[in-house]
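Structure at a glance
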Amino acid sequence: MGQSNSGFSATGLRRLHDVLARHVESGKIPGLVALVSRGDETHVETIGTMRHDGGAPMRRDTIFRMASTSKPVAMAAAMVLLDECRLRLDDPVQEWLPELADRQVLKRIDSPLDDTVPARRPITVRDLLTSTFGLGMDFTSLGTPIMNAVFEQGLTPNLPEPMPGPDEWMRRLGTLPLMYQPGERWQYQISHDVISVLVARVTGQSFEAFLRERIFGPLGMKDTGFHVPADQIDRLPTLYAPDPQSGEFLVWDEAKGGRWSEPPAFQGSGGGLVSTADDYHAYFRMLLNGGMHGGQRILSRPAVELMTTNRLTPEQNAARSALARDSVHISFGQGQHGGWGFGMAVRTYRGDYAPIGQFGWDGGSGTSTYADPANQLTGILLTQVGASVPNPVQLMHDFWTTLYQAIDS
């Protein structure tokens, strides 16, 4: 690979800038912040404006709704508890989450909610950390009784109804059967919000307070949290979810008075964080450094290795692989990484310009965050256009394609 501190080529960075600028000039992306680093070199692009109709320019310290890129960052709270032996991977979670004791499991994914068999075993910490505990956002099963119940109970973010507080959320979750047996298959989203409750109950602190004390504070992530303080709200852009048919820029969330302008009832690690390019850079660099930040250890090296390498068996991963492969026309090509660690995708085969071992995740609000141990490279691309249209995802693909071309030996 040559020396990892040789950074990027000037020609490559020019192409990166030109490709990003082209997306903004197309009118489909109002503005973006991109940060790339390799070894000791960091390069930042700020292009476009905070709003579709103009307004203030994007800045390096613009605060973004991180959506599902919250998952790999918030997962660090659980890893601290593993490091300190306050949790064990194969402990049943019902000691702290009695709502998840004695589960029933649907006979089939489209069964009525009372057509169940008993769970073969309790749900464990490992099941939650790998997203295999038995419930998730199954986009191939929309319209089934169980998915309807998940939506009706307000168990997922992004709906007009905000999620209830953690205890009420867990109570509602506990009224539902599982879709699959614990440990059987990978499923998206819900496990991460369960982890938020688990961490709070084990520590006796709010999820955000524990993250701030153990992760955000030590890493200097001063702009990362679950809402934007009133005196900083001008740094938050408008979030758009364009109409899939017309392309019209519909506002999904306004900054002032919007859903990130006040502390939420539920601090969810599935998609609740706001942050900046530099804050996320500090976090992913810590992972690349095996858990170290400067002279301070944030996580143990084995904890980082567990998070950032594939944790799924072929059986657990089969549905995830099929979803990625068979729905590229809906996902716009996202999600084809092969593996999954704790809270993030891990590339287990070479499917595009990124190498095996790259880890991170993307967010439905137009965020993409990955690190690559082989090249000692971090890339962070932030915009606020939802994936209701292909444009933000195409921007991500082009960002990674040009970033990898910019590696100079």
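Whatever comes next refers back to the structure up there.
I will try to describe carefully the structure that is included in this document. Residues take numbers from 1 onward in each chain, read along the sequence in its written order. Totals for whole chains, interfaces and linings use all residues, but because this is a predicted model, local features are given only for residues with pLDDT of at least 70 and pairs of side-chain atoms are given and counted only at 80 or more. For the side-chain quantities, the full set of heavy atoms in the structure was used; hydrogens and water were omitted.

Turning our eyes to something else, we now look at the overall build of the chain. Under the scheme used here, helices are H or I runs from DSSP no shorter than 4 residues and strands are E runs no shorter than 2 residues, and both carry numbers assigned from the N terminus. Helix and strand content of the chain: 12 helices and 16 strands. In this description the radius of gyration comes from C-alpha coordinates, and the expected globular size is given by 2.2 Å times residues to the power 0.38. A globule of 409 residues ought to have a C-alpha radius of gyration of about 22 Å, and the chain, at 20 Å, matches this closely. For the chain, the spread of C-alpha atoms along the three principal axes comes to 60 × 45 × 45 Å. Here the chain holds 409 residues, and the buried ones make up 57% of them. Pairs of residues are marked as contacts when any of their non-hydrogen atoms sit within 4.5 Å. By sequence separation, contacts in the chain at least 24 residues apart represent 69% of the contacts at least 6 residues apart. When charges are counted, Lys and Arg contribute as positive and Asp and Glu as negative, whereas His and the chain ends are disregarded. The atoms used to mark charge sites are NZ of Lys, CZ of Arg, CG of Asp and CD of Glu. Positive and negative charge centroids in the chain, built from 36 and 45 side chains respectively, lie 4 Å apart. Only protein chains enter the calculation, and the probe is 1.4 Å; a residue is then buried if its accessible area is under 20% of its type maximum, exposed if over 50%, and partly exposed in between.

This part covers the side chain of glutamine 267. Examined against the element boundaries, glutamine 267 turns out to sit in the loop between β8 (251–253) and β9 (274–275). Other than its neighbours up to four places away in sequence, glutamine 267 contacts Ser196, Ser206, Phe207, Glu208 and Phe226.

On to the packing of helix α5 (residues 166–174) against helix α6 (residues 190–203). For helices, the fitted axis covers only the stretch in contact; all axes are lines through C-alpha atoms, and the angles between them, taken along N-to-C directions, range from 0 to 180 degrees. Running from N to C, α5 and α6 point in directions that differ by 130°, and their axes come no closer than 11 Å. In this view, α5 runs oblique relative to α6, as classed from their interaxial angle. Classified by chirality, the crossing of α6 by α5 is left-handed. Between α5, through Pro166, Asp167, Trp169, Met170 and Leu173, and α6, the contact on the second element is made entirely by Ile190, Asp193, Val194, Val197 and Arg201. Here roughly perpendicular refers to angles of 65 to 115 degrees, roughly parallel to angles under 35, roughly antiparallel to angles over 145, and oblique to all remaining angles. Put simply, a crossing is left-handed when the front helix is turned counterclockwise from the back one by less than a right angle, and right-handed when it is turned clockwise.

Attention now goes to the nonpolar core. Counting 80 residues, the largest nonpolar core has Leu97, Trp169, Val194, Tyr283, Leu287 and Leu299 as the members making the most contacts within it. Considering each element in turn, this core owes the most residues, 10 residues, to helix α2 (residues 70–83). What leucine 97 contacts, discounting residues up to four positions off in sequence, is Leu128, Met170, Val194, Val197, Leu198 and Arg201. Membership of the second largest hydrophobic core comes to 33 residues, among which are Leu13, Tyr240, Tyr370 and Leu377. Joining through side-chain atoms within 4.5 Å is the link that ties buried Ala, Val, Leu, Ile, Met, Phe, Trp, Tyr and Cys residues into a set, and such a set is a nonpolar core.

Moving on, we come to the packing of aromatic side chains. For any pair of aromatic rings, geometry is given as the distance between the ring centres together with the angle between the planes. Think of it this way: a Phe, Tyr or Trp ring, Trp meaning its six-membered ring, pairs with another when their centres are within 6.5 Å, and the plane angle makes it stacked under 30 degrees, edge-to-face over 60, tilted otherwise. Counted according to the given criterion, the structure contains 12 aromatic pairs. Between tryptophan 186 and tryptophan 340, the aromatic rings sit 5.1 Å apart at their centres with planes inclined by 65°, giving edge-to-face as the arrangement. Residue tryptophan 186 is found in the loop between α5 and α6, and its partner tryptophan 340 is found in strand β12 (residues 338–340); the two are separated by 154 residues along the sequence. On the basis of relative accessibility, which here comes to 0%, the residue tryptophan 340 falls in the buried class. Centre to centre, the rings of tryptophan 400 and tyrosine 404 are 6.4 Å apart; their planes meet at 35°, and the pair counts as tilted. On the criterion of helical spacing, the pair formed by tryptophan 400 and tyrosine 404 is a turn pair, its members being 4 residues apart in helix α12 (residues 391–405). An aromatic cluster is present here, built from Trp186, Tyr188, Trp340 and Trp361 joined pairwise through their rings.

On to α5, then. The complete set of buried residues in α5 reads Trp169, Met170 and Leu173. One face of α5 carries all of its buried residues, which in axial projection span an arc of 95°. On the buried face of α5, the contacting elements are α6. Comment: arc refers to directions from the helix axis out to C-beta atoms.

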